[in-house]
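Take a look at the letters that make up each chain.
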Amino acid sequence: MRRDVTITARIETDLSDRLNRLAVMQGRSKSWVVGAAIKSYLDAELAFVEAVEDGLADLRQGRTVPHDEVVTRFRSRFGSGA
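Summary of the structure given here.

Criteria and cut-off values
- Along each chain, residue indices are assigned from 1 in the same order as the chain's sequence is written.
- Only residues with pLDDT of at least 70 get local features here, since the model is predicted, and only at 80 or more are side-chain atom pairs given and counted; chain-wide, interface and lining totals rely on the full set of residues.
- Heavy atoms throughout the structure, all of them, feed into the side-chain values; hydrogens and water do not.
- Secondary structure is summarised from DSSP: a helix means a run of H or I of at least four residues, a strand means a run of E of at least two, and numbering begins at the N terminus for each.
- Accessibility here uses a 1.4 Å probe with only protein chains present; expressed as a share of the type maximum, an area under 20% marks a residue as buried, one over 50% as exposed, and anything in between as partly exposed.
- Under the convention used here, a 1.4 Å probe and the Shrake-Rupley method define accessible areas, while residue burial counts only the protein chains that appear.
- In summary, the charge assignment counts Lys and Arg as positive and Asp and Glu as negative, without counting His or the chain termini.
- By convention, the charge on Lys lies at NZ, on Arg at CZ, on Asp at CG and on Glu at CD.
- In this analysis, the expected span of each helix is defined as 1.5 Å times one less than the number of residues it contains.
- Within this analysis, patches are made of residues with over 30% relative accessible area and no salt bridge. Like charges are joined at 9 Å or less; nonpolar side chains (Val, Leu, Ile, Met, Phe, Trp, Tyr) at 5 Å or less.
- Criterion for a salt bridge: a side-chain nitrogen of Lys or Arg within 4 Å of a carboxyl oxygen of Asp or Glu.
- Helix axes are fitted to C-alpha atoms over the stretch in contact, other axes to C-alpha atoms as well, and angles between N-to-C directions run from 0 to 180 degrees.
- Convention used here: angles under 35 degrees read as roughly parallel, angles over 145 as roughly antiparallel, angles from 65 to 115 as roughly perpendicular, and any remaining angle as oblique.
- Throughout, a residue-residue contact means that at least one pair of heavy atoms, one from each residue, lies within 4.5 Å.
- For this classification, the nonpolar set comprises Ala, Val, Leu, Ile, Met, Phe, Trp, Tyr, Cys and Pro, the charged set comprises Asp, Glu, Lys and Arg, and every other residue, Gly included, is treated as polar.
- A 3.5 Å cut-off defines polar contacts: any pair of N or O atoms within that distance qualifies, except that in protein one atom must be a possible hydrogen donor and the other a possible acceptor, and neighbouring residues in sequence count only when both atoms are side-chain atoms.

What to know about the overall build of the protein chain
Point 1. For the protein chain, the count of helices and strands is three helices and zero strands.
Point 2. Counted from the first residue to the last, the protein chain has its helices and strands arranged as α-α-α.
Point 3. Structurally, the protein chain occupies a C-alpha span of about 50 × 35 × 25 Å along its principal axes.
Point 4. Within the protein chain, the proportion of its 82 residues that are buried is 4%.
Point 5. Summed over its atoms, the accessible surface of the protein chain is roughly 7800 Å², and 55% of this surface lies on carbon and sulfur atoms.
Point 6. The distance from the centre of the 13 positive side-chain charges to the centre of the 12 negative ones in the protein chain is 6 Å.

Below you can see the structure in the form of C-alpha cells.
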C-alpha cells in the first residue's frame, strides 16, 4: 500500500519559477513534478553508488584486470584510434 509523506524544502526563486512552468506545461501538479524529479535522481544516484560499492568489493576480493590488459582489450574491440 502506497503512503505519501509530506516534505518541505527551501529552493531558490528561479528554481521555483522553473518548477511552476514545467508543472503547467505538463498539466501536472508541482508535487508530482518534484516527486518525479526526486525519483529520477535517486534511481540514478543509487545505481551509481551501488556500482561503486560492487567495484570496491571486487577490488577487495582481488577481482581486477591490469591496466595494460584493459587497454589491449579496448583497442582490439574498438581499434587503436578510439
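Quick look at the environment of I7
Point 1. With respect to the element layout, I7 can be found in the segment before α1 (13-26).
Point 2. Residues I7 and A23 lie 16 residues apart in sequence; the distance between their C-alpha atoms is 18 Å.

Focus on helix α2 (residues 30-60)
Point 1. Its 31 residues place the ends of α2 44 Å apart at the C-alpha level, agreeing with the 45 Å of an ideal helix rising 1.5 Å per residue.
Point 2. With its phi angle positive at about 80 degrees, G62 sits one or two positions after the end of α2.

Brief notes about a nonpolar patch on the surface
Point 1. A cluster of nonpolar side chains, V5, I7, V34, I38, Y41, L42 and L46, forms an exposed patch at the surface whose accessible area comes to about 670 Å².
Point 2. With respect to the helices and strands, the residue Y41 is situated in helix α2.

So, the packing of α1 against α2
When two helices pack together, their arrangement is given by the angle between the helix axes and by the axis-to-axis distance.
Point 1. The contact between α1 and α2 brings their axes to 9 Å, and the two run at 105 degrees. For the element pair α1 / α2, the angle class is roughly perpendicular. Here L19, N20, L22, A23 and Q26 of α1 come into contact with α2, specifically with K30, W32, V33 and V34.
Point 2. Of the residues assigned to the contact of α1 with α2, the class counts are six nonpolar, two polar and one charged.

Looking at the environment of R63
Point 1. Following the sequence through the fold, R63 ends up in the loop between α2 and α3 (67-78).
Point 2. The contact partners of R63, leaving out residues within four places of it in the chain, are A57 and D58.
Point 3. Within the structure, R63 has its side chain in polar contact with the side chain of D58 (distance 2.7 Å).

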